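Each chain, written out:
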Amino acid sequence: PAHFPAQDALVCSDTLCTVEEVIGRKPLRDPSQPQCSLRPARAINAERYLRSPEEALALFKDRPDLIENTVRVTDLCDDDVLPQRTRLPQIFDDPPNALRHITFAGAEARHKKVSPRLKKRLDYELDRIARMGFADHFLTAWDFCKWAGGQGYQYSGRGSVVDSAVAYCLGFSRIDAFAHNLHFDRFLTEDGDKRPDIDIDFEAKHRDDVRNYVIRKYGSDRVATVSAIGAFNTRGIVREVGKVLGVEPAVVGFLAKRLHGAISPRTLEESLQSRPELRDSDIDRNRLHWILRLGKMLSDVPRNIRAHSSGVVISDVPLSETVPVQWSGGLQDDGEREENLRIIQWDKRSARHYFDKFDVLCLRGQDVLAGTEDRVRIADIDFRVDALPLDDEETYRAMQSGELIGVPQSASPAMRQAHIRLGTKDIHDASLVQAGIRPGVGGAVKINELIARRRGKPYTFEHPDFEKILGHTYGIVVFQEQIDQLLSVFAGYTAGIAEDIRERINKSKREDYGEVIRDELIERMLKNGYAPEVAQHAFDLITGFKGYGFAQGHALAFAEISIRSIWCQQNHPAEYFAALLDAQPAGYYGPCTLVNEARLRGVKILPVDVNASGERFEVEDVRTEQEPEITVPNGGIRLALTTVRDLSSETRKRILMARFGVRDVSRRAFEDGFLAPAPDRSEAKIPMSEAVRDSPPPSSCPGLPGEEEGGRGMEVHPPAPNHLTPGSLPLGICRVGAWRSRLRPAQRLGRGCPPNQKTLDPRPSSLFPPPPFSSLFDFARRVRPERNELEALILCGAFDSLCPNRRALLWAVPDALRDMRAVDGLLGLEMPEPTLDLTIEDFPNAEKLLHERHYLGLDVHEHLMHFERERVSAKGGVTTDAARRLKVDERAIVVGNPIRLRFPPTPSGKRVVFFDLEDETGLLNVTCFDRVYQRFGHAFVCHPYVTLVGRAQWRDGCTAFLVEQAYPYHPVIETAINGAELPLRPADFLVG
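Conventions and cut-offs
Per-chain numbering applies: the sequence of each chain, read as written, is numbered from 1 onward. Local features in this predicted model are restricted to residues of pLDDT 70 or higher, and side-chain atom pairs are both shown and tallied only at a pLDDT of 80 or more, whereas totals for entire chains, interfaces and linings draw on every residue. Computation of side-chain values: all heavy atoms of the structure, hydrogens and water removed. What counts as a helix is a DSSP run of H or I of at least four residues, what counts as a strand is a run of E of at least two, and both are numbered from the N terminus. Categorising residues by exposure relies on relative accessible area from a 1.4 Å probe, with only protein chains included: less than 20% of the type maximum marks a residue as buried, more than 50% marks it as exposed, and the intermediate range marks it as partly exposed. Whether two residues are in contact is decided by their heavy atoms, any of which lying within 4.5 Å being enough. Note on areas: these come from Shrake-Rupley sampling with a 1.4 Å probe, and a residue is covered only by the protein chains present in the view. Grid points spaced at 1 Å over the protein atoms alone were grouped into cavities, where a 1.4 Å probe fits but cannot get out, and pockets, open sets with protein on both sides within 12 Å along at least five of seven lines, with lining residues defined by an atom within 4 Å of a point. Grid points are joined across faces, edges and corners, and a volume is the space filled by probe spheres set on the points. Residues are grouped as follows: nonpolar covers Ala, Val, Leu, Ile, Met, Phe, Trp, Tyr, Cys and Pro; charged covers Asp, Glu, Lys and Arg; every other residue, Gly included, is treated as polar. Axis angles are defined between N-to-C directions and span 0 to 180 degrees, where every axis is a line fitted to C-alpha atoms and, for a helix, only to the segment in contact. In what follows, roughly perpendicular refers to angles from 65 to 115 degrees, roughly parallel to angles under 35, roughly antiparallel to angles over 145, and oblique to any angle outside these ranges. DSSP-based pairing: two strands are paired if at least 2 bridges between them are found. Only Phe, Tyr and Trp rings take part, Trp by its six-membered ring, and two of them pair if their centres are within 6.5 Å. Stacked means planes under 30 degrees apart, edge-to-face means over 60, and tilted covers everything else. Charges are assigned to positions over rings by a cutoff of 6 Å between ring centre and Lys NZ or Arg CZ, combined with an angular limit of 35 degrees from the ring normal. We define the nonpolar core as a collection of buried residues of types Ala, Val, Leu, Ile, Met, Phe, Trp, Tyr and Cys that are connected through side-chain atoms lying within 4.5 Å of one another. For the purpose of counting charges, residues Lys and Arg are taken to be positive, whereas Asp and Glu are taken to be negative. His and the chain ends are not included. The term salt bridge refers to a pairing of a side-chain nitrogen on Lys or Arg with a carboxyl oxygen on Asp or Glu at a separation within 4 Å. Throughout this description, a polar contact denotes any pair of N or O atoms lying within 3.5 Å of each other; where both atoms belong to protein, one of them has to be capable of donating a hydrogen while the other can accept it, and for residues adjacent in sequence the pair is counted only when both atoms sit in side chains. Residues forming no salt bridge and having over 30% relative accessible area are the ones grouped into patches, like charges within 9 Å of each other and nonpolar side chains (Val, Leu, Ile, Met, Phe, Trp, Tyr) within 5 Å. Each direction from the helix axis to a C-beta atom contributes to the arc, which is the arc of those directions. The crossing is said to be left-handed when, going from far helix to near helix, the turn is anticlockwise and less than a right angle, and right-handed when the turn is clockwise.

Asker: Looking at this structure, I do not really get the overall build of the protein. What am I missing?
Answerer: Assigned secondary structure in the protein consists of 42 helices and 16 strands. Taken over 992 residues, the protein has a buried fraction of 54%. At a minimum sequence separation of 6, the contacts of the protein that also span at least 24 residues come to 71%. Total accessible area on the protein stands at roughly 45,100 Å², and carbon and sulfur atoms take up 51% of it.

Asker: Just checking my understanding: could you explain empty space enclosed by the protein for this structure?
Answerer: A probe as big as a water molecule, rolled over the atoms, marks out the empty space that is left. For the structure on display, the rule yields 2 cavities of 30 Å³ or more. In this structure, the second largest cavity occupies an estimated 30 Å³ of space. Taken together, Gly406, Val407, Pro408, Ala411, Leu580, Ala586, Gly587, Tyr588, Tyr589 and Leu594 make up the full set of residues lining the second largest cavity. In terms of residue class, the lining of the second largest cavity is made up of 8 nonpolar, 2 polar and no charged.

Asker: Explain the packing of helix α28 (residues 573-582) against helix α29 (residues 591-600) to me, please; I cannot follow it from the model alone.
Answerer: Angle between the axes and distance between the axes are the two parameters that describe a pair of packed helices. Closest axis-to-axis distance for the α28/α29 pair is 10 Å, and the angle between their directions is 175°. Judged by the angle between their axes, α28 and α29 are roughly antiparallel. On α29, the residues that touch Phe577, Leu580 and Leu581 of α28 are Pro591, Leu594, Val595, Glu597 and Ala598. Broken down by class, the residue content of the contact of α28 with α29 amounts to 7 nonpolar, no polar and 1 charged.

Asker: Teacher, can you tell me more about the sheet that holds strand β9 (residues 618-623) here?
Answerer: Sheet strands line up and pair through hydrogen bonds in the backbone, either parallel or antiparallel. Overall, mixed pairing links the 3 strands, which are arranged β8-β10-β9 in an open sheet. Unpaired on one side and paired on the other, β8 (604-606) and β9 mark the two borders of the sheet. Between one strand axis and the next, the sheet turns through 50° on average, direction left out of account. Contacting β9 and β10 (631-638), α28 runs over the sheet at an angle of about 10° to β10.

Asker: Can you help me understand the pairing of strand β16 (residues 958-968) in this one?
Answerer: The side chains of a regular strand alternate between both faces of the sheet. Here strand β14 (residues 922-928) pairs with β16 via 2 bridges, running parallel. Across the sheet, valine 926 pairs through a bridge with phenylalanine 961, a residue of β16. Note: strand β15 (residues 946-955) against β16, 10 bridges, orientation antiparallel. Across the sheet, the residue bridging to valine 949 is glutamine 965, located in β16.

Asker: Would you take a moment to explain the packing of aromatic side chains for this structure?
Answerer: Aromatic ring pairs: the centre-centre distance and the angle between the two ring planes describe each pair. Evaluated as defined, the whole model comprises 28 aromatic pairs. Taking 6.1 Å as the distance between ring centres and 50° as the angle between the ring planes, the aromatic pair formed by tyrosine 945 and tyrosine 969 counts as tilted. Of this pair, tyrosine 945 sits in the loop between α42 (930-942) and β15 while tyrosine 969 sits in the segment after β16, and the two are 24 residues apart along the sequence. By relative accessible area, tyrosine 945 is classed as buried at 1%. On the basis of relative accessible area, tyrosine 969 is assigned to the buried category, the value being 11%. A cation sits over an aromatic face here: arginine 110 above tyrosine 168, 4.6 Å from the ring centre. Over the aromatic face of phenylalanine 903 sits the side chain of arginine 275, whose NZ or CZ is 5.1 Å from the ring centroid.

Asker: Explain the nonpolar core to me, please; I cannot follow it from the model alone.
Answerer: A general trend in soluble globular proteins is that nonpolar side chains are found buried together. By size, the foremost hydrophobic cluster in this structure holds 180 residues, and its most contacted members are Phe144 and Phe172. Ranked by the residues each element gives to this core, the list is headed by helix α27 (residues 552-571), at 10 residues. Residue contacts for phenylalanine 172: discarding those within four places in its chain leaves Phe138, Ala141, Trp142, Cys145, Tyr155, Ser156, Gly157, Val161, Ala167, Ile198 and Ile200. The next biggest cluster of nonpolar side chains, apart from the first, holds 25 residues, and it includes Ala883, Phe903, Val932 and Tyr933.

Asker: Any chance you could explain the sheet that holds strand β7 (residues 356-362) here in plain terms?
Answerer: On the basis of which strands lie adjacent, the open sheet formed by 7 strands has the order β1-β2-β7-β4-β3-β6-β5 and mixed pairing. On the outer flanks of this sheet lie β1 (155-158) and β5 (325-333), each paired with one strand and no other. If you compare each strand with its neighbour and ignore which way they point, the axes differ by 45° on average. Sheet strands in contact with α27 are β1 and β2 (198-202), and its direction is about 150° off that of β1.

Asker: Please clarify how the side chain of arginine 659 should be interpreted in this entry.
Answerer: Within the secondary structure, arginine 659 is located in helix α30 (residues 649-660). An unpaired buried charge is present at arginine 659: no salt bridge exists, and aspartate 609, the closest side chain of opposite charge, is 6.7 Å distant. Among the polar contacts listed, one links the side chain of arginine 659 to the backbone oxygen of valine 610, at a separation of 3.2 Å. Apart from the residues lying within four places of it in its own chain, the contact partners of arginine 659 are Asp609, Val610, Asn611, Ala612, Ser613, Pro770, Phe773 and Arg782.

Asker: It is not clear to me how the pattern of salt bridges should be interpreted in this structure. Could you clarify?
Answerer: Note on pairing: side chains with opposite charge can pair once their charged atoms come close. On inspection of all chains with the given rule, the structure shows 63 salt bridges. With a shortest N-O distance of 2.7 Å, glutamate 190 and arginine 131 are connected by a salt bridge. Here glutamate 190 is found in the loop between α8 (184-187) and β2, whereas its partner arginine 131 is found in helix α5 (residues 116-131), with 59 residues between them in sequence. Overall, the relative accessible area of 41% leaves glutamate 190 in the partly exposed class. Close ionic contact of glutamate 964 with arginine 891 constitutes a salt bridge, the shortest N to O distance being 2.2 Å. Residue glutamate 964 is located in strand β16, and its partner arginine 891 is located in strand β12 (residues 891-902); the two are separated by 73 residues in the primary sequence.

Asker: Is there a simple way to think about the layout of surface pockets in this case?
Answerer: Of the voids in this model, the second largest pocket is the one considered here, and its volume is about 1,400 Å³. Considering the residues around the second largest pocket, the lining is formed by 37 residues, among which Lys194, Asp197, Arg352, Glu503 and Lys507 are closest to the centre. With 7 residues, the single largest contributor to the lining of the second largest pocket is helix α23 (residues 495-507). Among the residues making up the lining of the second largest pocket, the classes are represented as 6 nonpolar, 12 polar and 19 charged.

Asker: How do you make sense of a nonpolar patch on the surface when you look at a structure like this?
Answerer: A cluster of nonpolar side chains, contributed by Val22, Ile23, Leu28 and Leu38, occupies part of the molecular surface with about 370 Å² of accessible area. With respect to the helices, strands and loops of the structure, isoleucine 23 is situated in the loop between α1 (4-15) and α2 (53-59). Of the residues examined, isoleucine 23 reaches a relative accessible area of 36% and is grouped as partly exposed.

Asker: What should I look at first to understand the pairing of strand β4 (residues 302-314) in this one?
Answerer: Pairing geometry for strand β3 (residues 223-231) and β4, over 8 bridges, is antiparallel. Paired with valine 223 across the strands is isoleucine 314, a residue of β4.

Asker: Got a minute to help me understand helix α20 (residues 447-454) in this structure?
Answerer: Every α-helix carries 3.6 residues per turn, so stepping three or four residues along brings you back to the same face. Inspection of α20 places Ile447, Leu450, Ile451, Arg453 and Arg454 among the buried residues, and these make up the whole buried set. Burial along α20 is one-sided: seen end-on, the buried residues are contained in an arc of 160°. Its buried side turned inward, α20 meets α18 (413-422) and α19 (427-437). Glycine 456, located one to two residues past α20, shows a positive phi value of around 120°.

Asker: Looking at this structure, I do not really get the environment of threonine 424. What am I missing?
Answerer: Mapped onto the elements of the fold, threonine 424 is located in the loop between α18 and α19. Along the chain, threonine 424 and arginine 397 lie 27 residues apart, while their C-alpha atoms are 8.0 Å from each other. Not counting chain neighbours up to four residues away, the residues in contact with threonine 424 comprise Tyr396, Met399, Gln400, His419, Asp429, Ala430 and Val433. One polar contact links threonine 424 to histidine 419, side chain to side chain, over a distance of 2.8 Å.

Asker: What should I look at first to understand the packing of helix α22 (residues 480-491) against helix α26 (residues 532-544) in this one?
Answerer: Relative to each other, α22 and α26 sit at 155°, their axes nearing to 10 Å. Put simply, α22 runs roughly antiparallel to α26. Considering only the axes of α22 and α26, their crossing is left-handed. Contacts between α22 and α26 involve Ile483, Leu486, Leu487 and Phe490 on the former and, on the latter, Val534, Ala538, Leu541 and Ile542.

Asker: Can you help me understand unusual backbone geometry in this one?
Answerer: Outside of glycine, negative phi angles account for most residues, and trans bonds account for most peptide bonds. Cis geometry marks the peptide bond from glutamine 584 to proline 585, where omega comes out at -5°. By secondary structure assignment, the location of proline 585 is in the loop between α28 and α29.

Asker: Where do I start with the environment of tyrosine 49 in this structure?
Answerer: Secondary-structure assignment places tyrosine 49 in the loop between α1 and α2. Distance from tyrosine 49 to histidine 3, taken between C-alpha atoms, is 9.8 Å for residues 46 residues apart in sequence. Not counting residues up to four positions away in its chain, the partners in contact with tyrosine 49 are Pro1 and Glu55.

Shown next, in the form of structure tokens:
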């Protein structure tokens, strides 16, 4: 009953009702349906709650027969109403034999020679997999990975499945568990308590394609996504309750914009006083009293149900026989029609007890590698990212220098500093950093102690058994399986029980589960013959690993992505940054920072152009401006049309159709960026060699026919011939050779295209392609954009190659729209274009750059801080590049844009704020302690420009700028927009 105000607020929010109304404004039915009379959905008191038996007896004491009837109903109910576990569909008649055959074929392909030790390891894993009945799990994953590889998609396993040598041989892990001596028992325990947890990262843009393949193969009634339960967060509570209470939107928005991930609903009220960004913003606490009070009640209250980002369940019987199924807002393709995605009404924790779940994940790093490969293969058809070396010295030299901005899994300041301090020299070192930093502030790894020991701090092992388990991590627990090994070796637990204890220690930190089982652990260790001091040390290691940690295979998988990305960034910078910008959001920093980094590495950023830009970022040759003029191959990145704010996808399609004369363009063809020149990578990523893919089934393994024979087995097809080549295409299509490259092999052979999905008609409307756009009016006639779209293209510079006077073009927009409508009524007759008044004075350069930042979200030619440099230097300020080179304790003044604020918790409870200060020379790592934050925090949290006064701090080869004072900076460039709001956000809060 005490929560009635919160429940009432939720009802009001759901029915579009304020507290002063009784009936909400939200219609119960579609306007096309017969309407029913509205009735109040709100309760009038707090009596609608679930009563205890004692309260129910007291309430119905005059009607004991009702109580008796209730008891009779409960007696008729089954005690256990939960279903039995489902099974996976069988794709082979003899799964264990098929798995063994495919595994050893893959071992021959990947290892070249199967040594006795490798055979022993594979036999060990395969015997356990078969004995526990999990062969179908591996074969199912192998099947959809094989399909994805045939389509040319990049993918790799993550999590504990990487610990399996079988997974590496099957092709869905790029980490060799045998070579790295990974702990298979962490993945699949002997006692059968754990089921296989197979997590695989695909390209984000193709993850849904993989899921649709699974749906088509097994049936839409047997495949669905698990649900995710969304809850109210701080901003959501403030906005929803504010509307219910009738608070002005401006007041609610002002507060909500100053909230970030470090402010929970429970601490909202106290944060108004303890955080300077709220305390110094003149927020009226009395006016927001009920919002703050209800915030505590609504914290973590479920708000919606949606599709989980990756969890896919597969069953051999219709899912609706086991669990309620509903539709999500997403789409799926079952081979017959495109419809809403099916999701089960259980979350992943419930689903895992009854279903076999596969995590079809997406990792933007895979998109970056795939995009780089596409672009590089234009000139080098043999280039493959999965064949790049993992032992290149220059790659690790980049890690040791910390020059990792734009590298997936390694770009954050903490990661860059850790690589510098550790002196990363190989993939194992890189995995130590991944496990020590990536889990975040809740991580269990003592990274500072690890780095100190790596740098020479002496340490010893109390017992030889410690060295066997912890020797490769300098005596410190870094990976999850090391806890399992400590429990198995010292306390004698089975692998399954050890894994269960480790999970309970991690999940029950508040209850301190380690202390609960302390006596049992110590006693078991003593019985096993270990000395008391050794037992105590083992106990301390086990229970000290309380935070979240990585499995070693998981850390190696992420490290491998980073290493390959660094190699691409160093050797093909333009192609790499083009792919990185295409894959956004990908990684720690946004497009503005990435474009600035590419510019600092010598890559020229080319503006959006209606005659040159496509659906994705492309690499172009550039000419130097100095004499003599030199052409730099692949020296620039052409910005994509997708960068332009307010430009719809339909208008983008019409631009490309008008430029290339395409008759028919499918949705998927445009999403794949078929107009972007990229090589055919259909065979670039195959999970195993041709010998493995096309190897005949063993005679003792029946039931292996391909799908074309009616079975659900190994689909064996010869490599698809490349029928479409630039030489065989008409003249009008030679400019878009990517039509060939973006068609998958199945599409080229006429297989694999989902029904009811249009495919690309690679025929131009005539023998010769249409001419490029010649003017603003020609563009309007052929593309028919909306007014706001035309204005956005003008202001971001997309017409500069046709007319550099943006103000004149902007003035001509009404004429262009009138001309566009007038031409429609002429039935093909030609009509002269309106004239363009070029006497109109153009925008100043600074205002052009501000418009570009507003509409593109990045700086094309130079960072906006470039305009402040003369003024800042005159006042004694230095660039971030100069600040990074300061001597220890040397003081300086630095001005820039604060980005990526982080508020990690500290043992003392005092706040330490970390952020990056950005200017035209790069990023400066900034540290601000609680005392300074409380006094000056409002400046760098709420303003897009800030002046910092501080001194350099040196730590193990890393420079950090320690803030002593901070003040808002009012930039000179503001005069270019006459006091209008700058197209810059204050420090973002994407990091909680």
